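Letter by letter, the chains look like this.
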Amino acid sequence: MAGTITEVTDNNFQAEVIESDVPVLVDFWAPWCGPCRMVAPVLEEIASEKGEALKIVKLNVDDNQQTAMNFEVLSIPTLILFKNGAVAKKVVGAYPKRKLEAELEPALA
């Protein structure tokens, strides 16, 4: 399933994100959030380019409030990169693709 973005929930977050063998970028979002919808195509592009080297998932904060609270997500979109089960980078706001990649690259190296 390289290059696809899947949904995660409070129930499967541990297995899909924390226990993942590859770095995972989690998009904390909500359907009503305009900037979240602006970030979605950027994440689709990155997912297709990075393939299996980076897993990208989305977590709906309205439906999964516990996980959002655990990682202190106070505004959306918030993107959190997990590497080896730990937070490696947190980016808040809608970024253009180049800027987002520049923010994430050092943590992915």
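As recorded by an unreviewed UniProt entry, the protein chain carries the name Thioredoxin and is attributed to Conexibacter woesei. Of the comments in the UniProt record for the protein chain, the one headed Sequence similarities (unreviewed entry) reads "Belongs to the thioredoxin family."

As a further point, take the environment of Ala 88. Checked against the element boundaries, Ala 88 lands in strand β5 (residues 86-92). Residue Ala 88 is classed as partly exposed on the basis of its relative accessible area of 36%. Residues Ala 88 and Ala 53, spaced 35 residues apart in sequence, show a C-alpha to C-alpha distance of 15 Å. Dropping the residues within four chain positions of it, Ala 88 is found in contact with Leu 81, Phe 82, Lys 83 and Ala 107.

This brings us to the state of the cysteines. Counted under the stated rule, the structure contains 1 disulfide. In this model, Cys 33 is linked to Cys 36 through a disulfide, with the two sulfur atoms separated by 2.3 Å. Judged by the sign of its S-S torsion, about 80°, the bond between Cys 33 and Cys 36 is right-handed. Of the two residues, Cys 33 and Cys 36, both sit in the buried class.

Each value, and the rule that gives it
One numbering rule holds for all chains: residues counted from 1, following each sequence as written. Restriction of local features to residues with pLDDT of at least 70 applies here, the model being predicted, together with a cutoff of 80 or more for giving and counting side-chain atom pairs; totals for whole chains, interfaces and linings are based on all residues. Heavy atoms from the whole structure form the basis of all side-chain values; hydrogens and water molecules are not counted. UniProt positions are given in the numbering used here, feature names are shortened, and annotations may be inferred rather than shown by experiment. For the purposes of this entry, the term helix denotes a DSSP run of H or I that reaches at least four residues, the term strand denotes a run of E that reaches at least two, and both are numbered from the N terminus. We call a residue buried when its accessible area falls under 20% of the maximum for its residue type, exposed when it is over 50%, and partly exposed in between, using a 1.4 Å probe and counting protein chains only. Contacts are assigned to residue pairs with any non-hydrogen atoms lying within 4.5 Å of each other. Here, two cysteine sulfur atoms that lie within 2.5 Å of each other are counted as a disulfide.

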